[in-house]
Amino acid sequence: MLTTDSVPDQEKSAFWEDAVSGALGPVAVTPRPGRPVEGTIATDRLGYLLISRIEAGAHRITHTPDPAERSPAHLVGVALQLAGTAVCVQDGRRADLGQGDLVLYGASRPYSFSYPERFATHTFRFPRHVLGVPDGDLRLVSGTAIGTGGGFGAVLLPFLAELAASAPAYPPAVGHRLAGHVVDLFAALITDRAQLAATDQDAGRDHLVRSVRAHIDRHLGDPSLSPETIARALRISVRYLHRLFEGEGITVSRLVQRRRLEECARELARRERVMPTVSAVARRWGFVNAAHFSRAFRAVYGLSPREWRDLRTAQSAGGTAAGVPRPADSFTGPRP
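Q: Got a sec to walk through helix α1 (residues 9–24)? Specific residues and values, please.
A: If you check α1, its first and last C-alpha atoms are 23 Å apart, about what 16 residues at 1.5 Å a residue would give, namely 22 Å. Among all positions in α1, only Lys12, Trp16, Ala19, Val20, Ala23 and Leu24 are buried. Gly25, located one to two residues past α1, shows a positive phi value of around 100 degrees.

In structure tokens form, the structure reads like this:
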């Protein structure tokens, strides 16, 4: 165990940075302005699992990989907050940790931990390849705070705290077996959290798709309606908008045209005292080119707009809709 107790104040910050780097890998330590870092740190190995126990005053730890290191070991870290608070930042994600929370992070990639007050934490580091979970699951979970007040996390908290405290007492053979069990528990946690995150993502995706469809329906009459204007209105990228519709069986542009044609067909089929012209209906639903509208309508319904209107009017006057042709390429996807 290393402690700053016997180190002169003017040397404490440098001593602490060396101590933390020895436990976590190369890091920069930034103490609270005007105050040196004071604390204790101890690191033990259980097989391929490295466990560090840190208690210290407020400071910030930043890890930036050395570009000269061509093939750094790919390590995964798990930090368990025992006292105080922390903020972990990696890959643009921010995890706010309170007492009892934990966070998974890529220990070989850039990250930072900020501790605004005195704190205690346990960190567990191990090679990525022993984890045995898909990269996609790990990405979903990394950099997010995981509470241990309930569910699977509640099982982990007392076990990890006790394991870190008693790590020096285990002989190498026992430590190696324990490491395998610990990593299996982390893998189970990642799988559990990834499934929850994926469910949340699917729900968010479905909600956004419904929002896109509703926006299209509200603006069908706007000739400028396009993937670009839709994405801008919903504050997403055009690329993401197209990705949302990859599983919908229709592109965004095709959906806009299809909905316009459906509304035109519906209006042209109505029997009214004064029938609107075909061109007026087309303009009302966002078509600016009459020839293009006629071609698109015939491609879907098998008739020209005028033929469609005349046939539907005749059928309506006869009191039956029998024989009315169905669209040749009907849109059968989900409706808003």
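Q: Which residues make up the sheet that holds strand β10 (residues 111–115), and what are the values?
A: The antiparallel open sheet is built from 5 strands, whose spatial order is β2-β5-β10-β7-β8. The open sheet is flanked by β2 (28–31) and β8 (93–97), the only strands paired with a single partner. Averaged over all adjacent pairs, the angle separating strand axes in this sheet is 15 degrees, with direction ignored. Both strand β5 (residues 59–63) and β10 contribute to a ladder of 5 bridges, which runs antiparallel. Residue pairing across strands places Thr62 opposite Ser112, the latter belonging to β10. Contacts from α1 reach β2, β5 and β10, with the element oriented near 140 degrees to β2.

Q: So what's going on with the packing of aromatic side chains? Residues and values would help.
A: Counted under the stated rule, the structure contains 12 aromatic pairs. Arranged with centres 5.8 Å apart and planes meeting at 65 degrees, the rings of Phe293 and Phe297 form a pair that is edge-to-face. With a gap of 4 residues between them, Phe293 and Phe297 both fall in helix α9 (residues 290–301), about one helical turn apart. Members of the aromatic cluster, joined through ring pairs, are Tyr105, Tyr111, Phe113, Tyr115 and Phe119.

Q: Mind laying out the confidence of the model for the protein, listing which residues take part and the relevant values?
A: Low-pLDDT portions of the prediction should not be read for the details of their coordinates. On average, residues of the protein carry a pLDDT of 85, and 89% of them reach 70 or more. The element-level mean pLDDT for the protein is lowest in helix α10 (residues 305–317), coming to 80, with β10 highest at 95. Taken as a whole, residues 320–336 scores under 50 in pLDDT and shows 31 contacts with residues more than four places along the chain or in a different chain.

Q: Describe the packing of helix α7 (residues 252–268) against α9, and please don't skip the residues or the numbers.
A: Where α7 contacts α9, the two axes come as close as 11 Å, and the packing angle between them is 85 degrees. Relative to α9, the element α7 is oriented roughly perpendicular. Along its contact with α7, which presents Gln257, Arg258, Leu261, Glu262, Cys264, Ala265 and Leu268, the element α9 presents His292, Phe293, Ala296, Phe297, Val300 and Tyr301. Grouping the amino acids of the contact of α7 with α9 by side-chain chemistry returns 9 nonpolar, 2 polar and 2 charged.

Q: Pulling in residues and values, what's your account of the sheet that holds strand β1 (residues 2–3)?
A: One open sheet accounts for 7 strands, arranged β1-β3-β4-β11-β6-β9-β12; its pairing is antiparallel. The open sheet terminates on both sides in strands that have one partner only, identified here as β1 and β12 (145–146). Relative to strand β9 (residues 102–106), strand β6 (residues 75–83) is paired through 5 bridges, and the arrangement is antiparallel. Counterpart to Val78 in the pairing with β9 is Leu104. The strands touched by α1 within the sheet are β1, β3 (39–46), β4 (49–56) and β11 (119–127), with β3 carrying the most contacts at an inclination of about 20 degrees.

Calculation rules
Residues numbered from 1 in each chain as written. Predicted model: local features only at pLDDT ≥ 70, side-chain atom pairs only at ≥ 80, totals over all residues. Heavy atoms only, no water. Helix = DSSP H or I, 4+ residues; strand = E, 2+ residues; numbered from the N terminus. Expected span 1.5 Å × (residues − 1). Buried < 20%, exposed > 50% of the residue type's maximum accessible area, 1.4 Å probe, protein only. Pairing = 2+ DSSP bridges. Axes fitted to C-alpha atoms, helices over the stretch in contact; angles between N-to-C directions. Contact = heavy atoms within 4.5 Å. Phe/Tyr/Trp six-rings, centres within 6.5 Å; stacked < 30°, edge-to-face > 60°. pLDDT = per-residue confidence, 0-100. Parallel < 35°, antiparallel > 145°, perpendicular 65-115°, else oblique. Nonpolar A, V, L, I, M, F, W, Y, C, P; charged D, E, K, R; others polar.

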